[in-house]
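# Inside the fold
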Amino acid sequence: MTLVFYCIPIGIVADKGTATYYTAPYVPSACDGYTNEGKMIAAASEEIWDNGGACGRKYTVKCVGATNQGDQHPCNGNSVEVTIVDFCPPGSCRATIDLSEEAFSSIAHTNAGKIDVDYN
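Quick caveat, the model's predicted, so the values are computed rather than measured. (Residues numbered from 1 in each chain as written. Predicted model: local features only at pLDDT ≥ 70, side-chain atom pairs only at ≥ 80, totals over all residues. Heavy atoms only, no water.)

On to the sheet that holds strand β3 (residues 58-66). Strand order around the closed barrel formed by six strands is β1-β5-β2-β4-β3-β6, with mixed pairing between neighbours. Put simply, the sheet's adjacent strands are angled 45° from each other on average, direction ignored. Relative to strand β5 (residues 97-100), strand β2 (residues 41-44) runs antiparallel, the two being bridged by three bridges. Pairing of Ala-42 across the sheet is with Leu-99, part of β5. (Pairing = 2+ DSSP bridges. Helix = DSSP H or I, 4+ residues; strand = E, 2+ residues; numbered from the N terminus. Axes fitted to C-alpha atoms, helices over the stretch in contact; angles between N-to-C directions.)

Right, here's the structure in full:
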C-alpha cells in the first residue's frame, strides 16, 4: 500500500477595505494618550475598532487600487505594517483604516486621498 500526500499551499486571506490618511501631530491618541508610537501607525474605524480591542494590533496593509478618478494608479506595489493607536469615529471616518501620512505614502500616492486596500 502506497500513501500519497499532496501539499496544497494555503495563502493568507486578507480583508478588503479602504484607507485614507491623517497628518501629524499623532498624539494624543485614543489608545496611548501622549505616548509617541512612531509614524507607522493608524486609526481604526468602527468596523475594526472592537471596543478598543484593536489598540496595539498590527496590520499589514497593501494598496490594491483607486477609489476615485483623480489618480487611477495610486499604488506603488509596497505593503506597510502599522499599529493601531487611535480611533477614527463614525461620521468623520471615511475609510476602514486611517493611516498616518507616512504609512500611506509608503504604499500609495498621497494625492489619491483614499485607496482600496487589503489588510490582515
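Having seen the model, we can carry on.
Time to look at the pairing of strand β6 (residues 115-119). Along β6, four of the five residues are buried, which leaves the element largely enclosed by surrounding structure. Relative to β6, strand β1 (residues 15-22) runs antiparallel, the two being bridged by five bridges. Across the sheet, residue Asp-15 finds its bridge partner in β6, namely Tyr-119. (Buried < 20%, exposed > 50% of the residue type's maximum accessible area, 1.4 Å probe, protein only.)

Taken as a whole and assessed by the stated rule, the structure comprises two salt bridges. Salt-bridge contacts for Asp-118 lead to Lys-16; the nearest nitrogen and oxygen are separated by 3.0 Å. Separated by 102 residues along the polypeptide, Asp-118 in strand β6 and Lys-16 in strand β1 bring together distant segments of the chain. When its relative accessible area of 64% is taken as the criterion, Lys-16 is described as exposed. The partner of Asp-50 in a salt bridge is Arg-57, with the nearest N and O atoms 3.2 Å apart. For Asp-50, a relative accessible area of 48% puts it in the partly exposed group. (Salt bridge = Lys/Arg side-chain N within 4 Å of Asp/Glu carboxyl O.)

In the structure shown here, the tally under the stated rule is three disulfides. Between the sulfur atoms of Cys-31 and its disulfide partner Cys-55 the distance amounts to 2.0 Å. Negative torsions about the S-S bond denote left-handed disulfides, and the value of about -80° found for Cys-31 with Cys-55 makes this one left-handed. Residue Cys-31 is found in the loop between β1 and β2, and its partner Cys-55 is found in the loop between α1 (46-49) and β3; the two are separated by 24 residues along the sequence. Covalently, Cys-88 is tied to Cys-93 through a disulfide, its sulfur atoms 2.2 Å apart. The disulfide joining Cys-88 to Cys-93 has a torsion of about 110° about its S-S bond and is therefore right-handed. Note on accessibility: Cys-88 and Cys-93 belong to one class, buried. If one numbers only the bonded cysteines of the chain, in the order they occur, the disulfide pattern is 1-2, 3-4, 5-6. (Disulfide = S-S within 2.5 Å.)

Such coordinate-based values are descriptive only and should not be taken to indicate function.
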